[in-house]
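So the chains spell out like this:
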Number of protein chains: 2
Amino acid sequence: MKQSQLFVPTLKEAPKDAEVKSHKLMARAGLIKQTAAGIYTYLPLGLRVIKNIEAIIREEHDQRGCSELLMPALQPRDLWEESGRWGQYGPELMRLKDRKERDFCLGPTHEEVITAVVRDYIQSYKKLPLALYQIQTKFRDEMRPRFGLMRGREFIMKDLYTFSESRADLDAWYQTMKIAYTTIFNRCGLETKIVSSDTGQIGGDAADEFMVMSEVGEDTITYCDQCDYAANQEFSGLSEGDPCPNCEGTIQVAKGIEVGNIFKLGTKYSESMNAYFTDRSGHRQPVIMGCYGLGISRTLMAAVEQHSTDDSLLWPKAITPFHVHVIPVKMTPENEDAILSLYNNLSRTYTVLLDDRDERVGVKFKDADLIGLPYRVVLGKDFKDGLVEFTDRHTAETRLVAVTDLPDLLLL
Amino acid sequence: MKQSQLFVPTLKEAPKDAEVKSHKLMARAGLIKQTAAGIYTYLPLGLRVIKNIEAIIREEHDQRGCSELLMPALQPRDLWEESGRWGQYGPELMRLKDRKERDFCLGPTHEEVITAVVRDYIQSYKKLPLALYQIQTKFRDEMRPRFGLMRGREFIMKDLYTFSESRADLDAWYQTMKIAYTTIFNRCGLETKIVSSDTGQIGGDAADEFMVMSEVGEDTITYCDQCDYAANQEFSGLSEGDPCPNCEGTIQVAKGIEVGNIFKLGTKYSESMNAYFTDRSGHRQPVIMGCYGLGISRTLMAAVEQHSTDDSLLWPKAITPFHVHVIPVKMTPENEDAILSLYNNLSRTYTVLLDDRDERVGVKFKDADLIGLPYRVVLGKDFKDGLVEFTDRHTAETRLVAVTDLPDLLLL
């Protein structure tokens with residue numbers, strides 16, 4: 001892609017309301033732009049990362065037997081009355097009336113809709129298990145939207161719902177998705193800790209959260225320094241230095257960014273919304289449900305928080321908006337053909353951003369640091385001799401190499 | 001994909017409110033399910049077609065120098081006050097208040113948001129032209145939602161906005177996008193007519209609509225039987241049999257489904273929202289805008305309307321949810337390995353739906369007709385001898401062929 005055609009409005013200064021590094025950088029690098037408090041536009045570079053994260057999520061879900069669908073944002077009140085949540089959910093639920101004064105909400109989560117979608121179908125154990133997910137825009141009217149995409153009011157999530165005939169099958173899905181989530185976050189360049197938590201407004205029998213450890217995280221995590229015990233502090237009630245349950249260790253406290261949460265819903269929604277099936281012995285039973293959320297816009301934010309300094313970004317290769325940044329020091333009528341030929345050749349194998357703008361090279365380099373692609377190829381005075389300046393930004397090593405050697409150096 | 005894992009809730013009877021063929025079929029084939037009036041869930045098969053249409057749209061936009069971004073659904077009132085549309089837009093605009101009583105609307109269109117996104121950036125002619133599009137969920141509170149996805153209240157659209165330094169550049173983009181749209185619809189298996197229309201609530205200087213001729217269309221089109229004149233009847237004011245402007249022909253009248261519309265906005269939004277740039281001679285000018293909408297969910301509906309009979313669908317190859325339907329008459333422990341091996345082999349090149357359900361073959365065939373994949377491979381009594389029943393549903397030809405000949409017959 002030619003940078004002159006792409007819309008990358010880099011900024012010298014971060015917006016005043018940006019408090020944390022990732023928010024400042026995302027605004028400065030032209031990844032996002034605020035449209036209202038807690039409501040953002042994903043600019044082309046930011047959207048490319050979102051799409052890469054989504055592709056990883058789809059792969060890891062599809063190969064585990066999950067199917068994708070897409071539910072609406074607008075949800076009618078009657079479904080939420082069935083589950084009992086219309087009256088329970090607080091002001092985070094954005095409500096509106098249509099032109100005929102019927103009540104709707106903007107979905108923060110889709111347990112009601114998915115249960116209504118499947119309940120006529122799953123009348124027999126033969127139709128189970130069923131695992132359905134969507135990637136969709138969700139809404140939550142946060143009291144204090146802040147930290148950019150961390151606590152937004154309109155955000156992108158993947159939510160999966162499983163329907164099982166037995167607790168054992170639910171447990172198996174829960175285990176499968178724990179592994180899937182850990183894999184997804186690792187592929188996105190994030191290490192996560194699995195943390196026990198309470199079930200909150202979703203309800204159900206058990207819940208775990210996926211946390212990226214970070215000083216700007218909003219959740220407090222208690223974990224053991226000697227075993228794999230980890231729990232949200234609100235849930236555990238433990239403090240730093242407490243003895244750890246069931247082991248010799250001591251409780252540590254840290255902050256975390258919640259990027260995923262999974263719930264054993266059990267029969268809360270199937271009982272209230274009448275999603276029953278006939279089991280193998282001919283009895284009617286409420287179907288046993290699980291739900292599994294993954295914050296996509298928040299994963300983007302956490303990746304920026306982890307993979308950046310104050311003035312530059314460095315994308316993990318699996319989610320980078322482009323692999324290679326090709327930067328001609330100067331484009332002239334003499335070298336333009338050679339530059340375009342190099343660009344076209346690399347574009348066959350890699351995603352390439354060509355800085356073809358009529359800007360000073362200092363501006364180009366500053367923007368390139370902000371944009372943060374893993375490989376940089378600078379076309380300078382030796383380009384006429386077939387040599388380019390190559391930087392693998394993950395090793396920070398720069399050297400003069402032959403154009404023909406580039407394919408051996410660009411490792412994905 | 002194994003059909004037992006996919007959620008395809010086919011129905012014997014269409015829902016009572018389904019009036020037109022495409023709506024009936026889409027519900028019966030398990031493509032969509034209504035969640036509220038005019039609000040639908042896209043089930044896995046329907047979503048796969050949507051994704052295929054989206055991929056075609058992205059290709060045809062990206063290759064013409066357009067960049068994708070993603071704007072929010074929630075739009076603050078202040079932007080709509082700037083353009084003057086907050087007071088002008090009728091009850092189709094869904095409005096809501098946040099927890100602090102601030103007004104928002106759910107975007108039916110994004111002229112205000114995109115203008116606010118780019119106006120700080122496009123301060124010089126050097127940043128122009130700029131062409132930005134999104135694929136996004138939109139909202140319009142229709143008085144009478146009907147015909148399934150045809151007149152829905154929550155729907156999927158592609159909207160492109162162009163920013164030019166001159167009328168000539170806008171005209172060039174307008175021409176480019178006319179060609180792009182015609183190509184996109186053709187690739188989706190739809191023939192469209194370009195029809196002059198008025199600019200309505202979007203505003204601007206000129207507008208054209210892309211119409212799929214259909215008896216269930218809601219728009220009335222007047223067109224000439226001898227030249228390429230075509231206009232929305234409301235706009236032309238002409239009737240059947242009228243002489244045609246500027247030629248010897250006669251006006252014909254037909255119905256059409258509007259699947260796209262393009263507008264020369266001119267400076268309506270840039271003047272009211274202060275999106276000015278410095279031109280080549282150093283003068284400040286309002287940027288000249290165009291906008292280009294394409295209804296993705298409606299394109300899906302129009303494709304079903306065009307490519308179906310009352311009881312069966314037949315997908316155009318470019319957007320079909322899967323290429324090949326593999327239907328074993330009966331899966332047994334003896335033939336299961338051979339069936340899975342055939343399925344895995346074909347899956348390397350094609351998207352394949354394997355009907356591995358424990359159902360009678362009559363049920364499988366009926367569902368297969370509804371689902372409407374272009375190629376069908378039935379594994380019957382001759383499968384043990386390496387022979388399968390192959391149907392190219394576009395030619396309706398069925399014959400017994402060797403498994404090894406399948407790759408020569410499956411043409412994409």
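Remember, predicted model here, so these are calculated numbers, not experimental data. (Residues numbered from 1 in each chain as written. Chains lettered and ligands numbered in written order. Predicted model: local features only at pLDDT ≥ 70, side-chain atom pairs only at ≥ 80, totals over all residues.)

Let's shift gears to the overall build of chain A. A count of helices and strands for chain A gives 12 helices and 21 strands. By its C-alpha atoms, chain A is 80 × 60 × 45 Å across when sized along the principal axes. For chain A, the proportion of its 412 residues judged to be buried stands at 49%. (Helix = DSSP H or I, 4+ residues; strand = E, 2+ residues; numbered from the N terminus. Buried ≥ 20, exposed ≤ 12 C-beta atoms within 10 Å, placed from the backbone.)

Where the parts come together, the accessible area they lose is often given as the size of the interface. With 41 residues of chain A at the contact, the number on the chain B side is 41 residues. At the level of secondary structure, the elements contributing two or more residues to the side of chain A that touches chain B comprise strand E1 (32-36), strand E2 (39-42), helix H2 (44-62), strand E3 (67-68), strand E4 (74-76), strand E5 (94-97), helix H5 (111-118) and strand E7 (130-139) of chain A. Here the side of chain A that touches chain B takes 4 residues from E2 of chain A, the largest share from any one element. In terms of residue class, the side of chain A that touches chain B is built from 26 nonpolar, 6 polar and 9 charged. (Contact = placed C-beta atoms within 7 Å. Nonpolar A, V, L, I, M, F, W, Y, C, P; charged D, E, K, R; others polar.)

Residues and elements named next belong to chain A. For strand E8 (residues 154-164), the buried fraction is high: 11 of the 11 residues fall into the buried class. Where burial is concerned, the two faces of E8 agree: the one with Glu154, Ile156, Lys158, Leu160, Thr162 and Ser164 and the one with Phe155, Met157, Asp159, Tyr161 and Phe163 are both buried. As defined by bridge partners, E7 adjoins E8 across 10 bridges and the pair is classed as antiparallel. Directly across from Ala131, in E8, lies its bridge partner Thr162. Direction of pairing for E8 relative to strand E16 (residues 288-295): antiparallel, over a ladder of 8 bridges. Each residue of the ladder has a partner; that of Phe163, found in E16, is Met289. (Pairing = 2+ DSSP bridges.)

The relation between the two chain copies is a rotation about an axis coupled with a shift along that axis. Expressed as a screw operation, the relation of chain A to chain B combines 0.0 Å of axial shift with a rotation of 180°, fitting to an RMSD of 0.0 Å. Interpreted geometrically, this transformation is the action of a two-fold axis. Relative to the rotation axis, the closest C-alpha in chain A is found at Leu96 of chain A, a distance of 2.7 Å. Interface overlap between copies is the fraction of interface residues in one copy that are interface residues in the other; for chain A against chain B it reaches 100%, indicating a shared surface. (Least-squares fit on C-alpha atoms with pLDDT ≥ 70 in both.)

Annotation of chain A at the domain level lists domain 1 (21-306) and domain 2 (324-409). Taking the mean C-alpha position of each, domain 1 of chain A and domain 2 of chain A sit 41 Å from one another. (Domains from an automatic or database assignment.)

Here we come to the packing of H2 of chain A against helix H6 (residues 167-187) of chain A. Residue and element names in this part refer to chain A. The contact between H2 and H6 brings their axes to 10 Å, and the two run at 150°. The pairing of H2 with H6 is recorded here as roughly antiparallel in orientation. Viewed along their axes, H2 and H6 form a crossing whose handedness is right-handed. Contact residues: Ile56, Ile57, Glu60 and His61 in H2; Ala180, Thr183, Ile184 and Arg187 in H6. Taken together, the residues of the contact of H2 with H6 sort by class into 4 nonpolar, 2 polar and 2 charged. (Axes fitted to C-alpha atoms, helices over the stretch in contact; angles between N-to-C directions. Parallel < 35°, antiparallel > 145°, perpendicular 65-115°, else oblique. Left-handed = near helix turned anticlockwise from the far one by under 90°.)

For Glu215 of chain A, the location among the structural elements is in the loop between strand E10 (206-213) and strand E11 (219-224). Residues Glu215 of chain A and Gly256 of chain A, 41 residues apart in the sequence, show an inter-C-alpha distance of 7.1 Å.

Next up on the list: helix H11 (residues 361-371) of chain B. Residues and elements named next belong to chain B. Those residues of H11 lying buried are Asp367, Ala368, Leu370 and Ile371. Relative to the axis of H11, the buried residues are bounded by an arc of 160° and lie together on one face. For H11, the elements touching its buried residues are helix H1 (21-28), helix H2 (44-62), strand E17 (324-328) and strand E19 (375-379). Positive backbone phi, approximately 80°, marks Gly372, located one or two places after H11. (Arc of directions from axis to C-beta.)

All names here are of chain B. With their axes 8 Å apart at the nearest point, H1 and helix H9 (residues 296-306) run at an angle of 100° to one another. Relative to H9, the element H1 lies roughly perpendicular. Contacts between H1 and H9 involve Lys21, Ser22, Leu25 and Met26 from the first element and Met301, Val304 and Glu305 from the second. Here the residues of the contact of H1 with H9 sort into 4 nonpolar, 1 polar and 2 charged.

Judged by nonpolar contacts, the single largest core of 239 residues is most densely connected at Val326 of chain A together with Val326 of chain B. In contact with Val326 of chain B, not counting residues within four places along its chain, are Leu342, Tyr343, Leu346, Val352, Leu354, Asp355, Val377 and Leu379 of chain B. (Core = buried A, V, L, I, M, F, W, Y, C linked by C-beta atoms within 7 Å.)

Residues and elements named next belong to chain A. With antiparallel pairing, 3 strands are arranged side by side in an open sheet as E4-E6-E5. One side of each edge strand has no neighbouring strand; the edge strands of this open sheet are E4 and E5. Each strand of the sheet is rotated relative to its neighbour by a mean of 35°, with strand direction disregarded. Looking at chain direction, E4 and strand E6 (residues 103-106) are connected through 3 bridges and run antiparallel. The residue bridging Gln75 from the neighbouring strand is Cys105, located in E6.

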